[in-house]
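Examining the three-dimensional arrangement
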Amino acid sequence: MTSYKDKIDPERLPQHVAIIMDGNGRWAKQHGKHRVFGHKNGVVSVREAAEAAAELGIPYLTLYAFSTENWSRPKTEVNALMRLLLQTIKDEVATMNKNNIRLNAIGDLQSLPQRNYMHLMKAIEQTSSNNRMTLTLALSYSSRWELTMVARRIAEDVVAGRCTPEEINQECMGKYLTTSSLPDPELLIRTSGEFRVSNFMLWQIAYAELYFTNKFWPEFRREDLYKALVDFQCRERRFGKTSEQLIKK
Ligand code: IPE
Ligand code: IPE
Ligand code: MG
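Quick caveat, the model's predicted, so the values are computed rather than measured. Here the residue numbers are simple positions, counted from 1 along each chain's written sequence. Whichever chain is written first is A, and whichever ligand is written first is 1; the rest continue in order. Only residues with pLDDT of at least 70 are given local features in this predicted model, and only at 80 or more are side-chain atom pairs given and counted; all residues enter the totals for whole chains, interfaces and linings. To get the side-chain values, take all heavy atoms of the structure and skip hydrogens and water.

Quick look at helix 3 (residues 75–98) now. In a regular helix each residue adds 1.5 Å, so 24 residues correspond to 34 Å; helix 3 covers 35 Å between its end C-alpha atoms and thus fits that length. Fitting one axis to the seven residues ending at a residue and another to the seven starting there, the bend at that residue is the angle between the two axes. Segments assigned H or I by DSSP are reported as helices when at least four residues long, segments assigned E as strands when at least two residues long, and all are numbered from the N terminus. Residue E92 marks the point of greatest curvature in helix 3, where the axis turns by about 40°. Think of it in three bands: residues with accessible area under 20% of the maximum for their type are buried, residues over 50% are exposed, and the middle band is partly exposed, with areas taken using a 1.4 Å probe on protein chains only. Listing the buried residues of helix 3 in full gives E77, V78, A80, L81, M82, L84, L85, L86, I89, E92, V93 and M96. The criterion used for residue contact is that any of the two residues' heavy atoms lie within 4.5 Å. Its buried side turned inward, helix 3 meets helix 2 (35–56), strand 2 (60–67), strand 3 (101–106), helix 4 (114–126) and strand 4 (133–141). Phi turns positive, to about 60°, at N100, one or two residues after helix 3. Here a helix's expected span is defined as the number of its residues, less one, multiplied by 1.5 Å.

Structure, rendered in structure tokens:
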């Protein structure tokens, strides 16, 4: 069987792929299991996506793992997700080091349970010299939270005389974002057949190519990533220009 992998042009890979990992609960229900069973199986997909992206040479992969709004879920589910996160971070450090993957996190990390926060920081530190791919987890993240923080910090800097309102431009905005060290995502994937962005990187995805698949996240495998990449490479990214203006290489 031919793989979509063979159709990928290694010279035209997106530098940053972001994924809204959705559908764990529905997948579990389909299998007559509790939602947490779906989250547990979702970890397998995280591993698959991370390894496939790193092997291909994609330098940045960002996974939306827990939104600010997800705190409103039933306490039992939130607790199970936090336990699973803690266990996964602990278990995966060795594999990340083996695969030369650097862990990074964005979001209101201080709002995580203290043990999660500590182990997350430790894992980030333990993988900090890896340079094959940066794997960013968006945890307790939402774009409106992030943009509100940006507004607050800019206001503080103006009040303190560190910059003037005239100096605030798009480039400067980027420096205040939690993603300041990452390029903007070029490809955004969402699983589970939902066509929305659910408060994810609203600033950063301004020109991202959006890709939706009906697969539930626990079903997502390497081949699904390859398929999304092939689709991405078939798109014409015009950035407001006309087709004719684009310089054909
Ligand atoms: C995604 O799957 C995981 C998180 C948001 C934490 P869901 O838990 O949202 O699964 P569905 O969308 O209810 O099926
Ligand atoms: C988006 O999924 C958040 C994550 C994948 C972490 P949700 O399941 O929370 O999104 P909605 O509620 O369907 O928009
Ligand atoms: Mg969902």
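From this point, things continue past the structure.
With 44 residues, the main nonpolar core has V17, I19, L61, L135 and I189 as its most contacted residues. Of all the elements, helix 3 adds the most residues to this core, at 7 residues. Among residues more than four places away in sequence, those in contact with L135 are A50, L61, L63, M96, I101, R102, L103 and N104. For this analysis, a nonpolar core means a set of buried residues of the types Ala, Val, Leu, Ile, Met, Phe, Trp, Tyr and Cys, connected via side-chain atoms within 4.5 Å. Membership of the second largest hydrophobic core comes to 12 residues, among which are I20, Y64, A138 and M201.

Without a salt bridge and with relative accessible area above 30%, a residue can belong to a patch; like charges are then joined within 9 Å and nonpolar side chains (Val, Leu, Ile, Met, Phe, Trp, Tyr) within 5 Å. The method behind every accessible area is Shrake-Rupley, applied with a 1.4 Å probe, and residues are considered shielded solely by the protein chains displayed. What makes a salt bridge here is a side-chain nitrogen of Lys or Arg within 4 Å of a carboxyl oxygen of Asp or Glu, nothing more. A cluster of nonpolar residues, F195, L210 and F212, forms a patch on the protein surface that exposes about 300 Å² of accessible area. When you line up the elements, F195 lands in the loop between strand 5 (187–190) and strand 6 (209–212).

For the rest of this paragraph, the subject is the sheet that holds strand 6. Two strands pair under a simple rule: DSSP has to find at least two bridges between them. The 6 strands are arranged 3-4-2-1-5-6 in an open sheet whose pairing can be described as parallel. Of all the strands in the sheet, just strand 3 and strand 6 have a single pairing partner and so form its edges. Averaged over all pairs of adjacent strands, the angle between strand axes in this sheet comes to 20°, irrespective of strand direction. Pairing geometry for strand 1 (residues 16–20) and strand 2, over 5 bridges, is parallel. Across the sheet, the residue bridging to I19 is L63, located in strand 2. Angular values range over 0 to 180 degrees, each being the angle between N-to-C directions of two axes fitted as lines to C-alpha atoms, with helices fitted over their stretch in contact.

The analysis is restricted to geometry; functional conclusions fall outside its scope.
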